[in-house]
Amino acid sequence: MEKKGVFNTLIEQLMALPGVGKKTAERYAFFILKMPEEQARTIATAITDAKDKLRHCKICNNMTEAEVGTPTAVCKICANGARDPQKILVVEEANTLYAIEKSGEYKGLYHVLHGTYSPLSDNGHEGTSASINGLMERIKQGMSFGISEVILAVSPNIDGEATALYLTRMIKPFGVKVTRIACGIPAGSDIEYADEVTLIKSLEGRRDV
Ligand SMILES: [Zn+2]
(Lines give C-alpha, C1' and ligand atoms only; values in the text may rest on other atoms or scores of the structure.)
Protein backbone atom coordinates (compact mmCIF):
# COMPACT_ATOMS: atom_id res chain seq x y z
CA MET A 1 0.00 0.00 0.00
CA GLU A 2 1.24 3.44 -0.87
CA LYS A 3 2.29 5.60 2.06
CA LYS A 4 -0.12 8.47 2.62
CA GLY A 5 2.45 11.19 3.17
CA VAL A 6 2.46 13.90 5.85
CA PHE A 7 0.63 16.49 3.77
CA ASN A 8 -2.35 14.24 3.10
CA THR A 9 -2.39 13.16 6.73
CA LEU A 10 -2.57 16.82 7.79
CA ILE A 11 -5.50 17.41 5.42
CA GLU A 12 -7.27 14.31 6.67
CA GLN A 13 -6.87 15.35 10.32
CA LEU A 14 -8.11 18.89 9.65
CA MET A 15 -11.21 17.37 8.04
CA ALA A 16 -12.08 15.91 11.45
CA LEU A 17 -13.05 19.44 12.56
CA PRO A 18 -16.74 20.39 12.27
CA GLY A 19 -17.64 22.24 9.09
CA VAL A 20 -14.27 21.58 7.47
CA GLY A 21 -14.57 19.80 4.13
CA LYS A 22 -11.73 18.71 1.84
CA LYS A 23 -11.33 22.09 0.11
CA THR A 24 -11.14 24.04 3.38
CA ALA A 25 -8.80 21.44 4.88
CA GLU A 26 -6.48 21.82 1.88
CA ARG A 27 -6.56 25.60 2.25
CA TYR A 28 -5.71 25.33 5.97
CA ALA A 29 -2.94 22.83 5.26
CA PHE A 30 -1.27 25.16 2.72
CA PHE A 31 -1.71 28.06 5.13
CA ILE A 32 -0.08 26.12 7.97
CA LEU A 33 2.85 25.22 5.73
CA LYS A 34 3.46 28.91 5.00
CA MET A 35 3.35 29.84 8.69
CA PRO A 36 6.55 30.50 10.65
CA GLU A 37 7.53 27.20 12.27
CA GLU A 38 7.16 28.64 15.76
CA GLN A 39 3.57 29.64 15.17
CA ALA A 40 2.64 26.20 13.83
CA ARG A 41 4.23 24.61 16.91
CA THR A 42 2.31 27.01 19.18
CA ILE A 43 -0.97 25.81 17.62
CA ALA A 44 0.02 22.15 18.02
CA THR A 45 1.01 22.72 21.66
CA ALA A 46 -2.22 24.60 22.40
CA ILE A 47 -4.19 21.57 21.20
CA THR A 48 -2.21 19.02 23.22
CA ASP A 49 -2.20 21.32 26.30
CA ALA A 50 -5.98 21.67 26.12
CA LYS A 51 -6.35 17.90 25.99
CA ASP A 52 -3.82 17.31 28.78
CA LYS A 53 -4.78 20.03 31.23
CA LEU A 54 -8.50 20.66 30.87
CA ARG A 55 -10.81 18.60 33.04
CA HIS A 56 -14.50 18.60 33.79
CA CYS A 57 -15.47 20.43 36.98
CA LYS A 58 -16.47 17.81 39.54
CA ILE A 59 -19.58 19.81 40.48
CA CYS A 60 -21.00 21.17 37.21
CA ASN A 61 -18.99 19.43 34.41
CA ASN A 62 -17.86 22.77 32.98
CA MET A 63 -14.31 22.83 31.66
CA THR A 64 -11.63 23.76 34.12
CA GLU A 65 -7.87 23.76 34.26
CA ALA A 66 -6.81 21.13 36.75
CA GLU A 67 -3.70 21.60 38.85
CA VAL A 68 -0.92 19.12 38.26
CA GLY A 69 -1.59 15.89 40.13
CA THR A 70 -5.27 16.59 40.73
CA PRO A 71 -7.58 14.56 38.52
CA THR A 72 -10.67 16.53 39.55
CA ALA A 73 -11.13 20.21 40.07
CA VAL A 74 -13.81 22.83 40.67
CA CYS A 75 -14.35 25.48 38.00
CA LYS A 76 -14.13 29.24 38.61
CA ILE A 77 -17.93 29.62 38.52
CA CYS A 78 -18.59 26.93 41.16
CA ALA A 79 -15.73 28.30 43.28
CA ASN A 80 -17.09 31.87 43.14
CA GLY A 81 -18.90 32.58 46.40
CA ALA A 82 -20.60 35.63 44.89
CA ARG A 83 -22.70 33.49 42.53
CA ASP A 84 -26.29 32.69 43.48
CA PRO A 85 -26.23 29.02 44.60
CA GLN A 86 -30.03 28.82 44.48
CA LYS A 87 -30.20 28.82 40.68
CA ILE A 88 -28.84 26.12 38.40
CA LEU A 89 -28.93 26.65 34.65
CA VAL A 90 -28.74 23.35 32.78
CA VAL A 91 -27.03 23.44 29.35
CA GLU A 92 -26.34 20.73 26.81
CA GLU A 93 -22.80 21.84 26.04
CA ALA A 94 -20.27 24.18 27.63
CA ASN A 95 -20.35 26.55 24.64
CA THR A 96 -23.86 27.71 25.65
CA LEU A 97 -22.49 28.40 29.13
CA TYR A 98 -19.69 30.50 27.64
CA ALA A 99 -22.12 32.46 25.46
CA ILE A 100 -24.28 33.28 28.50
CA GLU A 101 -21.24 34.09 30.65
CA LYS A 102 -19.98 36.60 28.06
CA SER A 103 -23.11 38.69 28.67
CA GLY A 104 -22.43 38.73 32.42
CA GLU A 105 -26.17 38.89 33.10
CA TYR A 106 -26.68 35.51 34.71
CA LYS A 107 -25.40 35.21 38.30
CA GLY A 108 -26.41 31.67 39.21
CA LEU A 109 -24.61 28.36 38.74
CA TYR A 110 -24.63 25.88 35.85
CA HIS A 111 -24.79 22.20 35.08
CA VAL A 112 -23.36 20.91 31.79
CA LEU A 113 -25.01 17.73 30.47
CA HIS A 114 -22.55 17.06 27.63
CA GLY A 115 -25.34 16.02 25.31
CA THR A 116 -29.01 15.28 25.53
CA TYR A 117 -30.81 12.46 27.21
CA SER A 118 -33.52 10.56 25.42
CA PRO A 119 -34.86 7.60 27.37
CA LEU A 120 -36.51 6.26 24.19
CA SER A 121 -33.47 6.14 21.96
CA ASP A 122 -30.57 3.87 22.75
CA ASN A 123 -27.99 6.46 21.83
CA GLY A 124 -25.54 5.49 24.55
CA HIS A 125 -24.94 8.90 26.12
CA GLU A 126 -23.30 7.42 29.18
CA GLY A 127 -21.61 10.70 30.04
CA THR A 128 -24.97 12.46 29.92
CA SER A 129 -26.58 9.92 32.26
CA ALA A 130 -23.70 10.36 34.70
CA SER A 131 -24.10 14.11 34.43
CA ILE A 132 -27.85 13.90 35.13
CA ASN A 133 -27.09 11.79 38.22
CA GLY A 134 -24.66 14.51 39.27
CA LEU A 135 -27.37 17.15 38.82
CA MET A 136 -29.83 15.15 40.93
CA GLU A 137 -27.19 14.82 43.66
CA ARG A 138 -26.71 18.59 43.65
CA ILE A 139 -30.45 19.11 43.97
CA LYS A 140 -30.70 16.62 46.86
CA GLN A 141 -27.70 18.17 48.63
CA GLY A 142 -29.02 21.65 47.96
CA MET A 143 -32.30 20.92 49.72
CA SER A 144 -30.85 22.29 52.95
CA PHE A 145 -29.96 25.74 51.58
CA GLY A 146 -32.78 25.63 49.07
CA ILE A 147 -32.18 25.49 45.34
CA SER A 148 -35.01 27.74 44.21
CA GLU A 149 -34.92 27.17 40.48
CA VAL A 150 -33.51 24.85 37.84
CA ILE A 151 -33.52 26.53 34.41
CA LEU A 152 -33.43 24.22 31.40
CA ALA A 153 -31.57 25.71 28.44
CA VAL A 154 -31.88 22.75 26.09
CA SER A 155 -32.50 22.73 22.33
CA PRO A 156 -36.10 23.01 21.07
CA ASN A 157 -35.71 19.79 19.03
CA ILE A 158 -36.75 16.17 19.67
CA ASP A 159 -33.78 15.23 21.87
CA GLY A 160 -33.94 18.53 23.75
CA GLU A 161 -37.68 18.10 24.39
CA ALA A 162 -37.14 14.56 25.68
CA THR A 163 -34.34 15.79 27.93
CA ALA A 164 -36.49 18.62 29.30
CA LEU A 165 -39.41 16.28 29.96
CA TYR A 166 -37.20 13.72 31.68
CA LEU A 167 -35.44 16.30 33.86
CA THR A 168 -38.72 17.98 34.81
CA ARG A 169 -40.16 14.65 35.97
CA MET A 170 -37.01 13.91 37.98
CA ILE A 171 -36.67 17.35 39.60
CA LYS A 172 -40.24 18.39 40.39
CA PRO A 173 -40.81 15.79 43.16
CA PHE A 174 -38.11 17.64 45.14
CA GLY A 175 -40.30 20.73 45.20
CA VAL A 176 -37.85 22.73 43.07
CA LYS A 177 -39.21 25.15 40.47
CA VAL A 178 -38.29 24.11 36.93
CA THR A 179 -38.28 26.69 34.13
CA ARG A 180 -37.33 26.52 30.50
CA ILE A 181 -35.78 29.28 28.40
CA ALA A 182 -38.30 30.55 25.92
CA CYS A 183 -38.48 32.67 22.84
CA GLY A 184 -35.92 33.41 20.17
CA ILE A 185 -34.55 29.98 19.48
CA PRO A 186 -36.46 28.50 16.52
CA ALA A 187 -38.22 25.18 17.14
CA GLY A 188 -36.26 22.22 15.85
CA SER A 189 -32.92 24.01 16.01
CA ASP A 190 -29.81 23.32 18.02
CA ILE A 191 -29.16 25.67 20.95
CA GLU A 192 -25.44 25.33 20.27
CA TYR A 193 -25.78 27.78 17.37
CA ALA A 194 -27.74 30.47 19.21
CA ASP A 195 -25.89 33.75 19.74
CA GLU A 196 -25.49 35.34 23.17
CA VAL A 197 -28.14 38.06 22.66
CA THR A 198 -30.74 35.45 21.68
CA LEU A 199 -29.74 33.33 24.66
CA ILE A 200 -30.08 36.17 27.15
CA LYS A 201 -33.49 37.21 25.74
CA SER A 202 -34.54 33.61 25.91
CA LEU A 203 -33.31 33.34 29.49
CA GLU A 204 -35.23 36.46 30.54
CA GLY A 205 -38.39 35.09 28.92
CA ARG A 206 -38.20 31.69 30.59
CA ARG A 207 -41.42 30.05 31.70
CA ASP A 208 -42.48 27.47 34.26
CA VAL A 209 -42.79 23.88 33.15
ZN1 LIG B 1 -18.22 23.97 38.09
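Details of the structure are given in the entry above.
Residues numbered from 1 in each chain as written. Predicted model: local features only at pLDDT ≥ 70, side-chain atom pairs only at ≥ 80, totals over all residues. Heavy atoms only, no water.

**Let's talk about helix H8 (residues 196–204)**
For an α-helix the count is 3.6 residues per turn, leaving residues at separations of three or four pointing the same way. Taken together, the buried positions of H8 are occupied by Thr198, Leu199, Ile200, Ser202 and Leu203. In this structure, the buried residues of H8 make contact with strand S3 (84–91), helix H5 (94–103) and strand S5 (149–153). (Buried < 20%, exposed > 50% of the residue type's maximum accessible area, 1.4 Å probe, protein only. Helix = DSSP H or I, 4+ residues; strand = E, 2+ residues; numbered from the N terminus. Contact = heavy atoms within 4.5 Å.)

**Description of the sheet that holds strand S7 (residues 207–208)**
The sheet built from 5 strands is open, its strands ordered S4-S3-S5-S6-S7 with mixed pairing. Across the chains shown, the open sheet's two edge strands, defined by having one partner strand only, are strand S4 (108–112) and S7. Direction of pairing for strand S6 (residues 177–180) relative to S7: antiparallel, over a ladder of 2 bridges. By the bridge assignment for S7, Thr179 is matched with Asp208. On the sheet, H5 packs against S3 and S4 and is oriented at approximately 160° with respect to S4. (Pairing = 2+ DSSP bridges. Axes fitted to C-alpha atoms, helices over the stretch in contact; angles between N-to-C directions.)

**Examining the packing of aromatic side chains**
The geometry of two aromatic rings is summed up by the distance between their centres and the angle between their planes. Following the criterion strictly, the structure yields 2 aromatic pairs and no others. Where Phe7 meets Phe30, the ring centres are 4.9 Å apart and the plane angle is 55°; that geometry is what we call tilted. In this pair, Phe7 is assigned in helix H1 (residues 6–14) and Phe30 in helix H2 (residues 22–34), connecting sequence segments 23 residues apart. Where Tyr106 meets Tyr110, the ring centres are 5.2 Å apart and the plane angle is 65°; that geometry is what we call edge-to-face. Of the two residues examined, Tyr106 and Tyr110, each falls in the buried class. (Phe/Tyr/Trp six-rings, centres within 6.5 Å; stacked < 30°, edge-to-face > 60°.)

**Here's the deal with the nonpolar core**
Core analysis: the largest hydrophobic core is formed by 23 residues, its most contacted members being Leu89, Ile100, Tyr106, Tyr110, Ile181, Leu199 and Leu203. For this core, the secondary-structure elements that each account for two or more residues are helix H4 (76–79), S3, H5, S4, S5 and H8. Counting residues in each nonpolar core, the second largest holds 17 residues, with Ile139, Val154, Ile171 and Val178 among its members. (Core = buried A, V, L, I, M, F, W, Y, C linked by side-chain atoms within 4.5 Å.)

**Notes on the layout of surface pockets**
If a probe as big as a water molecule is rolled over the atoms, it shows which places are left empty. Reported here for the largest pocket is a volume of approximately 440 Å³. Leu10, Leu14, Ile32, Ile43 and Ile47 are, among the 17 residues lining the largest pocket, the residues nearest its centre. It is helix H3 (residues 37–53) that provides the largest number of residues to the lining of the largest pocket, a total of 7 residues. Residue classes in the lining of the largest pocket are distributed as 12 nonpolar, 3 polar and 2 charged. (1 Å grid on protein atoms, 1.4 Å probe; cavity = no way out; pocket = protein on both sides within 12 Å on 5 of 7 lines; lining within 4 Å. Points joined across faces, edges and corners; volume = space filled by probe spheres on them. Nonpolar A, V, L, I, M, F, W, Y, C, P; charged D, E, K, R; others polar.)

**Structural notes on the coordination of the zinc ion**
All of the protein donors around the zinc ion are Cys57 (SG), Cys60 (SG), Cys75 (SG) and Cys78 (SG); their distances to the metal are 2.3 Å. Geometry at the zinc ion is tetrahedral, judged from the 4 donor atoms that bind it and their angles of 104 to 115° at the metal. Summarised as a motif, the one-chain spacing of the donors to the zinc ion is C-x2-C-x14-C-x2-C. Classification of Cys75 as buried rests on a relative accessible area of 1%. (Donors = N, O, S within 2.8 Å, 3.2 Å for Na, K, Ca; no water. Tetrahedral: all angles 85-135°; square planar, octahedral: opposite > 155°, others 65-115°.)

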